[in-house]
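Working through the structure, step by step
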Amino acid sequence: MGKGDTSWFVHDRFGMFIHWGLYSMPGRHEWIRSREMISDENYQVYFDLFNPDLFRPAEWARAAREAGMKYFVITTKHHEGFCLWDSKYTDYKATNTPAGRDLLREVVDAFRAEGLRVGFYYSLLDWHHPDFTIDRFHPLRGLPPEEIAKRNAGCDMKRYAEYMRNQVTELLTGYGKVDIIWFDFSYPDNGGKGRDDWESENLFELVHRLQPGIVVDNRLDLPGSGDIVTPEQYMPDRGLVDENGKPVVWEGCQTFSGSWGYHRDEASWKSPRMCIEMLINHVSRGGNLLMNVGPTSRGYLDRRAMDRLGAYAEWMKYNSRSIYGCGLASEEFPAPTDCRYTYNPETNRLYLHCFAWPFRHVNLEGLGGKLRYAQLLADGSEIRFHVGAGDHMNSGTPENGVTLELPVVLPEQGTAVPVIELFLK
Ligand code: GLC
């Protein structure tokens, strides 16, 4: 693994991803320029008219903090090449749109003010830069082959790599401490681009020189550079390990609805409950969750996103103790049906998350003689436990186990997914 400091990262567990750029105007996915193979001329209208008049980053930051998120990662530049900050090295930036200012700075200030750590996503791809050759993802890939060859002959990827270093230098020197840099992404196969094109080694060295200890993701195509493994749009079903079987630090990045950028017409929004379950699933498998929002082109988070952030806020208000500082539980404690464990090694507490609420009893294997006290985390009310068959139970407590006695009806607050806090001896 890399050389970043991930100690805070594995404690905090929950962050906000923000995808915001010109693509929020068409509102049909952040890859729209590539998917619809839009020419420079036709994409220009979004730049000319980008005017987020309802942009209040303090509102994003408050929603993130209330949701229990402890850090954020924002697209400073996505594949389209548009920069949210006032970069000296390009005109293709927010300051030259009707927005007329450095939007990145305002986001960073607002999130810092709410106590969140700062992360920058920086796209290795750039479909606007004149030195970036046309490849299989490029919006201009449909041009006649002779035209592509001619254009590519005029490109200088070395100059582009230098452009990236210049921009990354701006980002890592102009905004105070940056805790994470998230490079995206490499595709060296089939005439794509990878470490030789990005000059990943130089980039990596630069990043650590400017911000020692910064956490770097694993998409530079540079083995050994990544501090974190980054499963995207799928959820690992167990803890992740490296080739030697050693656990790795990982962070799943996920969307509310499928697209990363604002997508007006998407119908695949995950339910608020599913979003909560995803957070628990990530942490119970030893990972972080970086949950994405795609603000509208006017600059606000729409109701659909706010509803889900609100569900996190309501749940985390009561249950964050089962998330922060927690990770995989020991294999001696297999989770019962429909349940997930997380474990905090510092406090020696185990957290039982019940995705379905069992009727009156749940058996916990391995906890016999090891459990000191149990309570419903949401209201801190005692959960009694016993060993043996109890009153009228068919199958008694498993060997080495305990049986919890559950209320039939749960209190209302904080129990969208109920959590039982188990104080181990
Ligand atoms: C993919 C996509 C991109 C998104 C990223 C987030 O690599 O290219 O649109 O920003 O995943 O992980």
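Below is a short write-up of the structure. (Residues numbered from 1 in each chain as written. Predicted model: local features only at pLDDT ≥ 70, side-chain atom pairs only at ≥ 80, totals over all residues. Heavy atoms only, no water.)

**So, the overall build of the protein chain**
- Each helix and strand counted, the protein chain has 11 helices and 15 strands in total.
- Taken against the 2.2 N^0.38 rule, which gives 22 Å for 425 residues, the C-alpha radius of gyration of the protein chain at 24 Å falls within 12% of a compact globule.
- Along the first, second and third principal axes, the C-alpha set of the protein chain runs to 80 × 45 × 40 Å.
- Going through the 425 residues of the protein chain one by one, you find that 58% of them count as buried.
- Taking contacts inside the protein chain between residues at least 6 apart in sequence as the whole, the part at least 24 apart equals 72%.
- Only carbon and sulfur atoms are counted for the fraction: they give 48% of the accessible area of the protein chain, which is about 18000 Å². (Helix = DSSP H or I, 4+ residues; strand = E, 2+ residues; numbered from the N terminus. Rg over C-alpha atoms; globule rule 2.2 N^0.38 Å. Buried < 20%, exposed > 50% of the residue type's maximum accessible area, 1.4 Å probe, protein only. Contact = heavy atoms within 4.5 Å. Areas by Shrake-Rupley, 256 points an atom, 1.4 Å probe, with all protein chains shown as cover.)

**Things to note about helix H3 (residues 40–49)**
- Among the residues of H3, Tyr43, Tyr46 and Phe47 are the ones counted as buried. Considered in projection along H3, the buried side chains sweep an arc of 100° and stay on one side of the axis. Within H3, the exposed residues directed more than 90 degrees away from the buried face are Glu41, Asn42 and Leu49.
- Of the surrounding secondary structure, the elements contacted by the buried residues of H3 are helix H2 (32–35). (Arc of directions from axis to C-beta.)

**Section: the packing of aromatic side chains**
- If you walk through the whole model with that rule in mind, you get 32 aromatic pairs.
- With a centroid separation of 5.2 Å and 70° between ring planes, the pair formed by Trp31 and Trp127 is classed as edge-to-face. Residue Trp31 is found in the loop between strand E1 (14–18) and H2, and its partner Trp127 is found in the loop between strand E3 (117–123) and helix H6 (145–153); the two are separated by 96 residues along the sequence.
- Relative accessible area serves as the criterion here: at 17%, Trp31 is assigned to the buried category.
- Take Trp127: its relative accessible area is 2%, and that puts it in the buried class.
- Ring-pair connections join several aromatic residues into one group, and the members of that group are Trp31, Trp127, Phe132, Phe137, Tyr160, Tyr163, Phe185, Tyr187 and Trp198.
- The ring of Tyr43 carries Arg33 above its face, with NZ or CZ at 5.4 Å from the centroid.
- Against the face of Tyr324 rests Lys70, its NZ or CZ located 4.8 Å from the ring centre. (Phe/Tyr/Trp six-rings, centres within 6.5 Å; stacked < 30°, edge-to-face > 60°. Lys NZ or Arg CZ within 6 Å of the ring centre and 35° of its normal.)

**A closer look at the state of the cysteines**
- Under the criterion given, the structure shown has 0 disulfides.
- The closest cysteine sulfur to the non-disulfide-bonded Cys83 is located on Cys155, 17 Å from its own sulfur. (Disulfide = S-S within 2.5 Å.)

**Quick look at the side chain of His138**
- Position of His138 among the secondary structure elements: in the loop between E3 and H6.
- His138 has contacts with Trp127, Phe132 and Thr133, leaving out every residue within four places of it along the chain.

**So, the site of the ligand**
- Of all residues adjacent to the ligand, which total 14 residues, the nearest are His19, Glu30, His78, His79 and Glu232.
- Asp184 has a polar side-chain atom sitting 3.1 Å from an oxygen atom of the ligand.
- In this structure, an oxygen atom belonging to the ligand sits 2.7 Å away from a side-chain N or O atom of Glu232.
- Relative to its unbound accessible area of 300 Å², the ligand is 94% covered by the protein chains. (Near = heavy atom within 4 Å. Polar contact = N/O pair within 3.5 Å; in protein donor to acceptor, adjacent residues only side chain to side chain.)

**What about the packing of helix H10 (residues 272–284) against helix H11 (residues 303–319)?**
- Packing of H10 against H11 leaves a shortest axis separation of 9 Å and a crossing angle of 55°. Taken together, H10 and H11 sit at an angle that is classed as oblique. Crossing geometry of H10 relative to H11 is assigned as right-handed. Together, Pro272, Cys275, Ile276, Leu279 and Ile280 of H10 and Arg308, Ala311, Tyr312, Trp315 and Met316 of H11 make up the contact between the two elements. (Axes fitted to C-alpha atoms, helices over the stretch in contact; angles between N-to-C directions. Parallel < 35°, antiparallel > 145°, perpendicular 65-115°, else oblique. Left-handed = near helix turned anticlockwise from the far one by under 90°.)

**Examining the pairing of strand E15 (residues 419–424)**
- Counting buried residues along E15, 6 of its 6 residues qualify, which places the element largely inside the surrounding structure.
- Of the two faces of E15, both are covered, the one formed by Val419, Glu421 and Phe423 as well as the one formed by Ile420, Leu422 and Leu424.
- By the bridge criterion, 5 bridges tie strand E9 (residues 349–354) to E15 in an arrangement that is antiparallel. Within the sheet, the bridge partner assigned to His353 lies in E15 and is Val419.
- Summarising the sheet, strand E11 (residues 371–376) and E15 pair through 5 bridges and their orientation is antiparallel. By the bridge assignment for E15, Leu371 is matched with Leu424. (Pairing = 2+ DSSP bridges.)

**Observations regarding the pattern of salt bridges**
- A complete count under the given rule lists 27 salt bridges for this structure.
- Put simply, Asp189 and Arg136 hold a salt bridge, and the shortest N to O gap is 3.8 Å. With Asp189 in the loop between strand E4 (180–184) and helix H8 (195–198) and Arg136 in the loop between E3 and H6, the pair connects residues that are 53 residues apart, well separated along the chain.
- We classify Asp189 as partly exposed; its relative accessible area is 43%.
- You can call Arg136 partly exposed: its relative accessible area is 32%.
- Look at the salt bridges and you will find they share partners, linking Arg117, Lys177 and Asp179 into a network. (Salt bridge = Lys/Arg side-chain N within 4 Å of Asp/Glu carboxyl O.)

**Looking at the sheet that holds E11**
- Read from one edge to the other, the open sheet built from 5 strands follows the order E8-E9-E15-E11-E12, with strand pairing classed as antiparallel. Whereas interior strands pair on both sides, the edge strands pair on one side only; in this sheet they are strand E8 (339–344) and strand E12 (381–382).
- H10 rests against E8 and E9 of the sheet, and its axis sits at about 50° to E8.

**Thoughts on a nonpolar patch on the surface**
- Among the surface-exposed residues, Phe359, Val408 and Val409 lie close enough to one another that they form a single nonpolar patch of about 360 Å² accessible area.
- Mapped onto the secondary structure, Val408 falls in the loop between strand E14 (402–405) and E15. (Patch = residues over 30% accessible without salt bridge, like charges linked within 9 Å, V, L, I, M, F, W, Y side chains within 5 Å.)

**Looking at the sheet that holds strand E10 (residues 361–364)**
- Read from one edge of the open sheet, 3 strands run E10-E14-E13, paired in antiparallel fashion. Since the sheet does not close on itself, it has two edges, and those belong to E10 and strand E13 (385–386), each with one partner.
- Here E13 runs beside E14; their pairing, made up of 2 bridges, is antiparallel. Residue pairing for E14: Phe385 is matched across the bridge by Leu404.

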